[in-house]
Amino acid sequence: MRLLGVGRGAWAGACAVALVVGALGVPAVAAGVGGAGEGPGDSAAGVVGSGAGDVGGVVRGVGWAVKGTGKDSRFRGLAAVSRSTAWVAGSKGTVLRTVDGGRSWRDVSPPGAVAEGLELRDIEAFDARRAVALSIGEGEASRVLRTDDGGATWSEAFRNPDPRAFYDCLTFFDSRHGLAMSDPVDGKFRILSTGDGGRSWEVLPASGMPDALPGEAGFAASGQCLVSAGSRDVWLATGGGAVSRVLHSGDRGRTWKVAESVIPAGDPARGVFALAFRDRTTGLAVGGDYRAGQESPRAAAVSSDAGRTWRPAATPPPGYRSGAAWHPYGRGVALAVGPTGTDVTVDGGRTWRALDAGSFDTVDCAGDGGCWAAGEKGRVGRLERSERS
């Protein structure tokens, strides 16, 4: 979608989070952590949460340890492989990779993407060497790039030939099967499919896709407008139309069913910006109005039936949120991020409480409990505990 700078147009629950994260054995944060790209909410020790009023104290020092990247790109693409390994992708064709928990970052940007200043808004990584990145935009600006050697070299796997298409997000079910989605073409969202790890792609037939609403599109805000769980289930988030909706496919994108979400839309800047499914039935949706200063009521919703129905969060985040991720430890623990802060839930998304006030656009958690967030001005953080907690 041409938005976001490019394109168209009781605290007992929070204490439980501290216990959950602490049980991971996450390394303590050393004083002086942080660096290039730090912004509002960063503390002197680099633990964002400890600087957000009394919130850091409530969660006993759990917060984002900002990792200096030395870049000023805005990173909306993020792939958390583990506590030590993560990839970020963003503006100016920039891709970075760390394999030491963010102590150092290697610039592995595709040379062509840098030369053309491509907007890389999504990246999916299988390990420290294999990753697939998506650039967004009209026509040929939408591309899929792939690396097998940790970013030393990249190959272009797909270049969009249709000027009417605008790809927003991609997702993978496993290391071979994946999908990418475009805003509607001829009145329907377009789905791109790969069965060989992203080396080749084909457009799926549109016959199984419901009609789009007037003005409806996806948001290329965090790489989470298209998400999957398990081997065949995938969900697509929308906004911009009269209502925001969530589409679900149980056959890897061949046929879809659509449900109305409870997150307000009715404007090109409002809708569902990100989805996160813990399994094939339990999901979260976050969003709102991305424009600064605009209210975002009912900015989160939950589903327990694979997205067929959605219920508003009883206590939603206080503003627009663009990214969400389930924590792998603790069935009800999840994070939501946005320009005005991070919120946490420990009851499966029914209630949210502030964790810190730092700005991030996207968040992702790896299977070993390593949670990362990324956003503007080169900001990347890892969820950690401070020695002061």
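Because the structure is predicted, anything quoted here is derived from the model rather than measured.

The rules behind each value
- Residues numbered from 1 in each chain as written.
- Predicted model: local features only at pLDDT ≥ 70, side-chain atom pairs only at ≥ 80, totals over all residues.
- Heavy atoms only, no water.
- Helix = DSSP H or I, 4+ residues; strand = E, 2+ residues; numbered from the N terminus.
- Buried < 20%, exposed > 50% of the residue type's maximum accessible area, 1.4 Å probe, protein only.
- Contact = heavy atoms within 4.5 Å.
- pLDDT = per-residue confidence, 0-100.
- Salt bridge = Lys/Arg side-chain N within 4 Å of Asp/Glu carboxyl O.
- Disulfide = S-S within 2.5 Å.
- Core = buried A, V, L, I, M, F, W, Y, C linked by side-chain atoms within 4.5 Å.
- Pairing = 2+ DSSP bridges.
- Polar contact = N/O pair within 3.5 Å; in protein donor to acceptor, adjacent residues only side chain to side chain.
- Phe/Tyr/Trp six-rings, centres within 6.5 Å; stacked < 30°, edge-to-face > 60°.
- Lys NZ or Arg CZ within 6 Å of the ring centre and 35° of its normal.
- Axes fitted to C-alpha atoms, helices over the stretch in contact; angles between N-to-C directions.

We now examine the overall build of the protein chain. For the protein chain, the helix and strand inventory stands at 3 helices and 29 strands. Buried positions account for 59% of the 389 residues belonging to the protein chain.

All right, on to the side chain of Ser303 then. You can see Ser303 is positioned in strand β21 (residues 300–303). You can call Ser303 buried: its relative accessible area is 2%. When near neighbours in sequence (up to four residues on either side) are disregarded, Ser303 contacts Thr281, Thr282, Gly283, Arg308, Thr309 and Trp310.

Another point: the confidence of the model for the protein chain. Averaged over every residue, the pLDDT of the protein chain is 87; the share at 70 or more is 83%. Across residues 5–60, confidence stays below pLDDT 50; counting only partners more than four residues off in sequence or on other chains, it has 129 contacts.

A word on the pattern of salt bridges. Applying the stated criterion to the full structure yields 23 salt bridges. In this structure, the salt-bridge partner of Glu140 is Arg159, at a minimum N-O distance of 3.5 Å. With Glu140 in the loop between β8 (131–138) and β9 (143–147) and Arg159 in strand β10 (residues 155–159), this residue pair connects regions lying 19 residues apart in the sequence. Assessed through its relative accessible area of 33%, Arg159 is described here as partly exposed. Salt-bridge contacts for Glu216 lead to Arg245; the nearest nitrogen and oxygen are separated by 2.9 Å. Pair noted here: Glu216 is in the loop between β14 (202–203) and β15 (226–229) and Arg245 is in strand β17 (residues 245–249), with a separation of 29 residues, a long-range link. Judged on exposure class, the residue Glu216 and its partner Arg245 are both buried. One network of salt bridges, with partners in common, ties together Glu116, Glu140, Arg143, Glu156 and Arg159.

Enumeration according to the criterion identifies 2 disulfides in this entry. Two residues, Cys365 and Cys371, share a disulfide whose sulfurs are 2.1 Å apart. Measuring handedness by torsion sign, the sulfur bridge of Cys365 and Cys371 sits at about 105 degrees and is right-handed. Taken individually, Cys365 and Cys371 each receive the classification buried, so the pair is uniform in this respect.

Attention shifts here to the nonpolar core. In terms of nonpolar packing, the biggest core is built from 16 residues, with Val144, Tyr167 and Trp201 touching the most fellow members. Broken down by secondary-structure element, the contributors of at least two residues to this core are β8, β10, β11 (166–172) and β12 (178–185). In terms of residues, this core owes the most to one element, β11, which gives 4 residues. Excluding anything up to four places from it in sequence, Val144 contacts Val132, Ala133, Leu134, Ser155, Glu156, Ala157, Phe158 and Trp201. Core analysis: the next-biggest nonpolar cluster, separate from the first, contains 15 residues, Phe173, Phe189, Cys225 and Trp256 among them.

Another point: the sheet that holds β21. Backbone hydrogen bonds hold the strands of a sheet together, and the pairing may be parallel or antiparallel. The strand order β19-β20-β21-β22 describes an open sheet built from 4 strands, whose pairing is antiparallel. Only two strands of the sheet have a single partner each, and these edge strands are β19 (270–277) and β22 (311–312). Pairing geometry for β19 and strand β20 (residues 283–289), over 7 bridges, is antiparallel. The residue bridging Arg270 from the neighbouring strand is Asp289, located in β20.

Here we take up the side chain of Ser244. Examined against the element boundaries, Ser244 turns out to sit in the loop between β16 (233–237) and β17. One polar contact links Ser244 to Ser261, side chain to side chain, over a distance of 2.4 Å. Among the polar contacts made by the side chain of Ser244, one reaches the main-chain carbonyl oxygen of Ile263 at a distance of 2.5 Å. Contacts of Ser244, omitting those with residues within four sequence positions, involve Thr238, Ala259, Glu260, Ser261, Ile263, Ala265, Gly271 and Val272.

Let us look at the packing of aromatic side chains. Evaluated as defined, the whole model comprises 11 aromatic pairs. Between Phe219 and Phe273 the ring centres are 3.7 Å apart and the planes differ by 15 degrees, which places this aromatic pair in the stacked class. Of this pair, Phe219 sits in the loop between β14 and β15 while Phe273 sits in strand β19; the two residues are 54 residues apart in sequence, bridging distant segments of the chain. Grouping residues by exposure puts Phe219 and Phe273 together as buried. An aromatic cluster of three or more residues is present, and its members are Phe219, Phe273, Tyr290 and Tyr320. When the ring centre of Trp87 is taken as origin, the NZ or CZ atom of Arg97, which lies over that ring, is 5.9 Å away. Note that Arg278 overlies the ring of Trp326, its terminal NZ or CZ placed 5.0 Å from the centroid.

Before going further, it helps to spend a moment on the pairing of strand β13 (residues 188–194). Of all 7 residues in β13, 6 are buried; the element is thus mostly enclosed. Sheet analysis places β12 next to β13, joined by 6 bridges and oriented antiparallel. Looking across to β13, one finds that Gly178 is bridged to Thr194. The loop that links β12 with its antiparallel partner β13 comprises 2 residues; one of these, Asp186, has a positive phi angle of about 55 degrees. Both β13 and β14 contribute to a ladder of 2 bridges, which runs antiparallel.

Once that is clear, we can look at the sheet that holds strand β18 (residues 257–260). Here 4 strands make up an open sheet; going across it, the order is β15-β16-β17-β18 and the pairing antiparallel. A single partner strand is all that each edge strand has here, and the edge strands are β15 and β18. Ignoring which end each strand starts from, the neighbouring axes of this sheet average 25 degrees apart. Alignment of β16 against β17, held across 4 bridges, turns out to be antiparallel. Counted as the bridge partner of Val234 is Ser249 from β17.

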